[in-house]
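Spelled out, the chains give:
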Amino acid sequence: MFPDTYRVFSDASVDEVVKKMFDNFDVKLTEDMRNDIEEQEKSIHEIVTLASIIEKEVMGEKDMALVSGILQKRMEIGMKLEVDSSVNYATGKSDPAASYVDLQVDSPYNTYKHYGLPPGPISNPGLQAIKAAIYPEESDYLFYLNRQDTGETIFSKDFNEH
């Protein structure tokens, strides 16, 4: 369901509201975008799941495509995603960082324990995050860190630099 501002009548049913949100998603995800997803041999579900992580991981839109490239590179080389946002989804916490105890949670959403994407989205990603998931920016980076005080994303090429 696409996050947006909707005009809804007070007597609208849940089914009508959900349909409106799904219809809006179908409009936002253009035919070109769908073709590009298919050419990448990915599913819309995978793209939305990745986009949901990007939405939660990156504070500013300008770094979304770069983080997308990092996460996709991690999957390609067989590295775990290790994203705090998916762990927080599993634990129900809203803290930006996951604690050591949180990282031990037994959940398919724990990307510190499991490889690849979690089984489904952890949020309703916006259009910018969806585009970033479809059109990742390649780089030499393999790590990133968000400064909570400034919103700046800091990128690193290896673990030592990170």
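Each remark here, short or long, concerns the structure printed above.
Note that the coordinates shown come from a computational prediction; the quantities given were computed from them, not determined experimentally.

## Description of the nonpolar core
Part 1: Leu29, Ile54, Leu71, Ile130, Ile134 and Tyr144 are the most contacted members of the largest nonpolar core, which totals 29 residues.
Part 2: Broken down by secondary-structure element, the contributors of at least two residues to this core are α2 (31-39), α3 (44-57), α4 (64-76) and α6 (127-134).
Part 3: Contact partners of Ile134, with chain neighbours within four places excluded, come to Leu29, Met33, Asp36, Ile37, Gln40 and Ile47.

## Describing the side chain of Gln72
Part 1: Counting through the fold element by element, Gln72 comes out in helix α4.
Part 2: The class for Gln72 is buried, based on a relative accessible area of 7%.
Part 3: Not counting chain neighbours up to four residues away, the residues in contact with Gln72 comprise Lys42, Leu50, Ala132, Ala133 and Pro136.

## Here's the deal with the packing of aromatic side chains
Part 1: Under the definition given, this model contains three aromatic pairs.
Part 2: Ring geometry for Tyr89 against Tyr109: centres 4.8 Å apart, planes inclined by 50°, an arrangement best described as tilted. Taken as a pair, Tyr89 in helix α5 (residues 84-91) and Tyr109 in the loop between α5 and α6 lie far apart in primary sequence, 20 residues in all.

Cut-offs used in this document
Residues numbered from 1 in each chain as written. Predicted model: local features only at pLDDT ≥ 70, side-chain atom pairs only at ≥ 80, totals over all residues. Heavy atoms only, no water. Core = buried A, V, L, I, M, F, W, Y, C linked by side-chain atoms within 4.5 Å. Buried < 20%, exposed > 50% of the residue type's maximum accessible area, 1.4 Å probe, protein only. Helix = DSSP H or I, 4+ residues; strand = E, 2+ residues; numbered from the N terminus. Contact = heavy atoms within 4.5 Å. Phe/Tyr/Trp six-rings, centres within 6.5 Å; stacked < 30°, edge-to-face > 60°.

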